[in-house]
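# Breakdown of the fold
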Amino acid sequence: MPYYMGLEDDYDAGIKAIYSRAPRDAQFAFFKNDEYASGSRTMRFSFDVLHGDSGNCDLTECNEEINQFNTRVAYDWRHDENDYTRLGLSGEWGQLYN
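The structure contained in this document is the topic of the report that follows. Since the structure is predicted, the reported quantities are computational estimates derived from the model, not experimental observations.

## Quick word on the overall build of the chain
If you tally the helices and strands in the chain, you get zero helices and four strands. Starting at the N terminus, the α and β elements of the chain follow one another as β-β-β-β. Evaluated residue by residue, the chain yields a buried proportion of 20% over its 98 residues. Partitioning the intrachain contacts of the chain with sequence separation of at least 6 by distance along the chain shows that 48% fall at a separation of at least 24. Total accessible area computed for the chain in this model is approximately 7700 Å², and 55% of it derives from carbon and sulfur atoms.

Below is the structure:
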């Protein structure tokens, strides 16, 4: 069910930087396009916006995902040697062409 709600992984090619030094953890990623760099391919595993194939680019077609940034930061608050609470925040920003 999470797949059909759009909550599953989105397999795009990009670049990711990870900083991890206890008790802090940070991850930053950038994705230029969707996994095929073309919204016209409908036979794919990930959910993305689709580019219409009628050749008529109006407001309902010719959409493409571009310039997506993801970030995640977390802090581990240690209670004792074996127990901790992880507090974190994540976000995503991206653009839709058209």
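## What to know about the sheet that holds strand 1 (residues 15-21)
Judged by pairing direction, the sheet is antiparallel, and its four strands sit side by side in the order 1-2-3-4 without closing on themselves. Two strands bound the open sheet, and with one partner strand each, they are strand 1 and strand 4 (84-97). Between one strand axis and the next, the sheet turns through 5° on average, direction left out of account. The pairing of strand 2 (residues 24-31) with strand 3 (residues 64-78) spans eight bridges and is classified as antiparallel. In the sheet register, Phe28 faces strand 3, and the bridge partner there is Thr71.

## Section: the side chain of Gln68
Topologically, Gln68 is positioned in strand 3. The exposure class assigned to Gln68 is buried, which follows from its relative accessible area of 15%. At 2.9 Å, the side chain of Gln68 and the side chain of Asn70 are in polar contact. Residues in contact with Gln68, not counting those within four places in the same chain, are Asp12, Ala29, Phe30, Phe31, Glu92, Trp93 and Gly94.

## Some remarks on the side chain of Asp76
Mapped onto the secondary structure, Asp76 falls in strand 3. The exposure class assigned to Asp76 is buried, which follows from its relative accessible area of 14%. At 2.7 Å, the side chain of Asp76 forms a polar contact with the side chain of Arg86. Here Asp76 is in contact with Pro23, Tyr84, Thr85 and Arg86, once residues within four sequence places are set aside.

## Looking at unusual backbone geometry
For the bond from Ala22 to Pro23, the omega torsion is 5°, close enough to zero to count as cis. Looking at the element boundaries, Pro23 is found in the loop between strand 1 and strand 2. The phi torsion at Asn67 lies on the positive side, around 50°, for a residue other than glycine. Turning to its location among the elements, Asn67 is positioned in strand 3. Residue Asn67 is classed as buried on the basis of its relative accessible area, which comes to 18%.

Basis of the calculations
Residues numbered from 1 in each chain as written. Predicted model: local features only at pLDDT ≥ 70, side-chain atom pairs only at ≥ 80, totals over all residues. Heavy atoms only, no water. Helix = DSSP H or I, 4+ residues; strand = E, 2+ residues; numbered from the N terminus. Buried < 20%, exposed > 50% of the residue type's maximum accessible area, 1.4 Å probe, protein only. Contact = heavy atoms within 4.5 Å. Areas by Shrake-Rupley, 256 points an atom, 1.4 Å probe, with all protein chains shown as cover. Pairing = 2+ DSSP bridges. Axes fitted to C-alpha atoms, helices over the stretch in contact; angles between N-to-C directions. Polar contact = N/O pair within 3.5 Å; in protein donor to acceptor, adjacent residues only side chain to side chain.

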